[in-house]
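# Commentary on secondary and tertiary structure
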Amino acid sequence: MNIVLLGYMGSGKSLIGRDLAQEKKLEYLDLDDYIENQEKKTISQVFEEKGEIYFRKIESIYLQEALDIHNNTVISLGGGTPCFAGNLDVIKNKKGVKSIYLHTSLDELTQRLFVERGKRPIIAHLETKEELKDFIRKHLFERSFYYNQADYKVVTDQKDKNQITEEIVSLLL
């Protein structure tokens, strides 16, 4: 079985993914890291040099490849991955895949991402919490339709990584 974690940036997909993989004794794959290794460039460089359309195309190819090649793996997606190129259908229709939406509130995402925005090129230009909150709100409105189609939804607010991991493990029993 593969476990696919999806949700908005800052929801904890990478952090929880590593923890969950360790807990369940599974492999771990971060799709963004996988893309960077395959392309020999950072995600930011790919966006800058070739644009979002190119990125979304290769993201879809590498997602399919990861799901085909890897078994017994926790896979953390990029925040937009399930929303483009039929990727959600690929995840939902792939045998032996369970998807989990790490749902984090707008306020919690704003808090987490405001301090990290310098490391995240897509939001680095946003100078106030209110600008960031509006940016996140717009994306969540657009993406919630996709996120909410996951097999499971785990609310991450007010929980530490151990609590979230334990909740996911209990869902998968």
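Being a predicted model, the structure only gives us computed values, none of them experimental.

## Points about the overall build of the chain
Along the backbone of the chain there are seven helices and five strands. Ordered by position from the N terminus, the helices and strands of the chain form the series β-α-β-α-α-β-α-β-α-α-β-α. Along the longest, intermediate and shortest principal axes, the C-alpha atoms of the chain span 45 × 40 × 25 Å. Counting all 173 residues of the chain, 45% fall into the buried class. For the chain, the accessible surface area stands at approximately 9,300 Å², while carbon and sulfur atoms represent 49% of it. Of note, the chain has its 25 positive side-chain charges centred 2 Å away from the centre of its 28 negative side-chain charges.

## Brief notes about the packing of helix α1 (residues 13-24) against helix α7 (residues 161-171)
Axis separation between α1 and α7 bottoms out at 10 Å; the angle between their running directions is 55°. As far as their axial angle goes, α7 and α1 are oblique. Two packed elements cross with a definite hand, and for α1 against α7 that hand is right-handed. Two secondary-structure elements touch here, α1 through L15, I16, D19, L20, E23 and K24 and α7 through K161, N162, I164, T165, I168 and V169.

## Notes on the side chain of T156
Positionally, T156 belongs in the loop between β5 (152-155) and α7. Taking relative accessible area as the criterion, T156 reaches 0% and is therefore assigned buried. In this structure, T156 is in contact with S11, L102, H103, T104, R112 and I164, ignoring residues within four places of it in sequence.

## Quick notes on the nonpolar core
In terms of nonpolar packing, the biggest core is built from 33 residues, with Y8, L77 and L113 touching the most fellow members. Contributing elements (two or more residues each) for this core: β1 (2-6), α2 (31-39), α3 (43-69), β4 (97-103), α5 (106-116) and α6 (129-147). The contacts of L77, once residues within four sequence positions are left out, are V4, L5, L6, K13, L31, L63, P82 and I91.

Parameters at a glance
Residues numbered from 1 in each chain as written. Predicted model: local features only at pLDDT ≥ 70, side-chain atom pairs only at ≥ 80, totals over all residues. Heavy atoms only, no water. Helix = DSSP H or I, 4+ residues; strand = E, 2+ residues; numbered from the N terminus. Buried < 20%, exposed > 50% of the residue type's maximum accessible area, 1.4 Å probe, protein only. Areas by Shrake-Rupley, 256 points an atom, 1.4 Å probe, with all protein chains shown as cover. Lys, Arg positive; Asp, Glu negative; His and termini not counted. Charge placed at Lys NZ, Arg CZ, Asp CG, Glu CD. Axes fitted to C-alpha atoms, helices over the stretch in contact; angles between N-to-C directions. Parallel < 35°, antiparallel > 145°, perpendicular 65-115°, else oblique. Left-handed = near helix turned anticlockwise from the far one by under 90°. Contact = heavy atoms within 4.5 Å. Core = buried A, V, L, I, M, F, W, Y, C linked by side-chain atoms within 4.5 Å.

Such coordinate-based values are descriptive only and should not be taken to indicate function.
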